[in-house]
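One letter stands for each residue in the lines below.
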Amino acid sequence: MNKNVGVRFIGHSTFLIKSPGGKTILIDPWVKDNPICPDQAKEIENLDLILITHGHGDHMPEAVALAEEFNPSIICNFEISQWLQGKGVNCPVIGMNKGGTAEVEGIRVTMVDAKHSSSITEPDGTTIYAGEPAGYVIGFENDYRIYHAGDTCIFGDMKLIGELYKPDLAMLPIGDHFTMGPLEASMACRFLNVDKVVPMHYGTFPILTGNPERLRELLDGEGIEVIELEPGQEVFMG
Ligand code: NI
Ligand code: MN
């Protein structure tokens, strides 16, 4: 077993993760059309699991296509699972809800709260309710734990997520406007009691103005490392 967790930042909120046991996990399927991901980092060889945080066009636009191409398991909320099955997706779709944990091929995935909205806009312009948005705590084979917050504001129960699941690393949105900005994310790091944070959901569009430098300033001297990943960059954690 490879000891490390490989984390490749595709861009925005999308990450391709290689587990210590060799499983490939994609969080928020937006790869091929992701505007900030370099082409060479868009190569996916195989996928064992897709996690979907919520139903917006910058988070799950390629869920159906990737399900058809790779036949992974998909974890999402119940409403999105129904929608995917309605689109003819044949792979195992695990519709769950917050507070629950699903184990897929040795990877433990807990769905936790997020405060945001969640909908799917069909090609004809109809907007469909897509259940509540979520975050995930992912526990790998070596017990390394990553919390991906999804799109969210800060909320007090991040303290509970920290106490209960003790994540080693947090992936937090910092872009502002649709989610937390750096100020809220700095407090979220303290609530979560993490010593490593990967900022996400910033810079993709001009309106997402929050930036990692500001988060770093706000956390100065607190022993919390801000790991700023370039789109396409891969790091090994744990
Ligand atoms: Ni969103
Ligand atoms: Mn978003």
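Residues numbered from 1 in each chain as written. Chains lettered and ligands numbered in written order. Predicted model: local features only at pLDDT ≥ 70, side-chain atom pairs only at ≥ 80, totals over all residues. Heavy atoms only, no water.

**Looking at the sheet that holds strand S1 (residues 5–11)**
Thought 1: Spatially, S6-S5-S4-S3-S2-S1-S16 is the arrangement adopted by the seven strands of the open sheet, whose pairing is mixed. Each having just a single partner strand, strand S6 (93–96) and strand S16 (234–237) make up the two edges of the open sheet. Each neighbouring strand pair of the sheet contributes to a mean axis angle of 20°, computed without reference to strand direction.
Thought 2: Bridging between strand S2 (residues 14–18) and strand S3 (residues 24–27) involves four bridges; their strand directions are antiparallel. Directly across from Leu16, in S3, lies its bridge partner Leu26.
Thought 3: Helix H2 (residues 78–86) rests against strand S5 (73–77) and S6 of the sheet, and its axis sits at about 130° to S5. (Pairing = 2+ DSSP bridges. Helix = DSSP H or I, 4+ residues; strand = E, 2+ residues; numbered from the N terminus. Axes fitted to C-alpha atoms, helices over the stretch in contact; angles between N-to-C directions. Contact = heavy atoms within 4.5 Å.)

**A few points about the coordination of the manganese ion (ligand 2)**
Thought 1: Of the protein atoms, only Asp58 (OD), His59 (NE2), Asp151 (OD) and His201 (NE2) coordinate the manganese ion (ligand 2), at distances of 2.1 to 2.3 Å.
Thought 2: Each donor residue of the manganese ion (ligand 2) belongs to the same chain, and together they define the spacing D-H-x91-D-x49-H.
Thought 3: Separating the manganese ion (ligand 2) from the nickel ion (ligand 1) is a distance of 3.1 Å, and Asp151 supplies a donor atom to each of them. Taken as a pair, Asp151 in the loop between strand S12 (145–148) and helix H3 (158–165) and His201 in the loop between strand S14 (196–200) and helix H5 (212–218) lie far apart in primary sequence, 50 residues in all. Each member of the pair, Asp151 together with His201, is buried. (Donors = N, O, S within 2.8 Å, 3.2 Å for Na, K, Ca; no water. Buried < 20%, exposed > 50% of the residue type's maximum accessible area, 1.4 Å probe, protein only.)

**Observations concerning the confidence of the model for the protein chain**
Thought 1: Averaged over all residues, the pLDDT of the protein chain is 97; the fraction at 70 or higher stands at 99%.
Thought 2: Here S16 stands out as the least confident element of the protein chain, with mean pLDDT 96; strand S13 (residues 169–173) is the most confident, with 99. (pLDDT = per-residue confidence, 0-100.)

**Concerning the coordination of the nickel ion (ligand 1)**
Thought 1: Those donors, His54 (NE2), His56 (ND1), His116 (NE2) and Asp151 (OD), are the protein atoms that reach the nickel ion (ligand 1), and they lie 2.2 to 2.4 Å from it.
Thought 2: One chain supplies every donor to the nickel ion (ligand 1), and in sequence these donors are spaced H-x1-H-x59-H-x34-D.

**Brief notes about a nonpolar patch on the surface**
Thought 1: Side chains of Phe178, Phe205 and Ile207 sit close together on the surface and give an oily, nonpolar patch of about 270 Å² of accessible area.
Thought 2: Among the structural elements, Phe178 can be located in the loop between S13 and helix H4 (182–192).
Thought 3: According to the relative accessible area criterion, Phe178 is partly exposed, its value standing at 49%. (Patch = residues over 30% accessible without salt bridge, like charges linked within 9 Å, V, L, I, M, F, W, Y side chains within 5 Å. Areas by Shrake-Rupley, 256 points an atom, 1.4 Å probe, with all protein chains shown as cover. Salt bridge = Lys/Arg side-chain N within 4 Å of Asp/Glu carboxyl O.)

**What to know about the environment of Phe155**
Thought 1: Turning to its location among the elements, Phe155 is positioned in the loop between S12 and H3.
Thought 2: When the C-alpha positions of Phe155 and Leu218 are compared, they lie 18 Å apart, and in sequence the two are 63 residues distant.
Thought 3: Residues contacting Phe155, with those up to four places away along its chain left out, are Asp113, Ala114, Lys115, Tyr147, Ile161 and Phe191.

**Digging into H2**
One turn of the α-helix equals 3.6 residues, which is why residues spaced by three or four share an orientation.
Thought 1: If you check which residues of H2 are buried, you get Ile80, Ser81, Trp83 and Leu84. Buried residues of H2, viewed axially, fall in a sector of 160°; they line one side.
Thought 2: At its buried positions, H2 is contacted by helix H1 (63–70), S5, S6, strand S9 (119–121) and strand S10 (127–129).
Thought 3: For H2, the N-terminal capping position is held by Asn77, with its side-chain oxygen 3.2 Å away from the main-chain nitrogen of Glu79.
Thought 4: Following H2 by one or two positions, Gly88 has its phi on the positive side, about 90°. (Arc of directions from axis to C-beta. Polar contact = N/O pair within 3.5 Å; in protein donor to acceptor, adjacent residues only side chain to side chain.)

**Structural notes on the packing of H3 against H4**
Thought 1: Between H3 and H4, the least distance of the axes is 7 Å, while the angle of their chain directions is 35°. When the axes of H3 and H4 are compared, the crossing they make is right-handed. Along its contact with H3, which presents Met158, Lys159, Ile161 and Gly162, the element H4 presents Ala188, Phe191 and Leu192.
Thought 2: In terms of residue class, the contact of H3 with H4 is made up of five nonpolar, one polar and one charged. (Left-handed = near helix turned anticlockwise from the far one by under 90°. Nonpolar A, V, L, I, M, F, W, Y, C, P; charged D, E, K, R; others polar.)

**Focus on the side chain of His56**
Thought 1: Tracing the sequence through the fold places His56 in the loop between strand S4 (49–51) and H1.
Thought 2: Within the local environment of His56, its side chain forms a polar contact with the side chain of His116, the two groups lying 3.3 Å apart.
Thought 3: In contact with His56, other than residues within four places in its own chain, are Pro61, His116, Ser117, Ser118 and Ser119.

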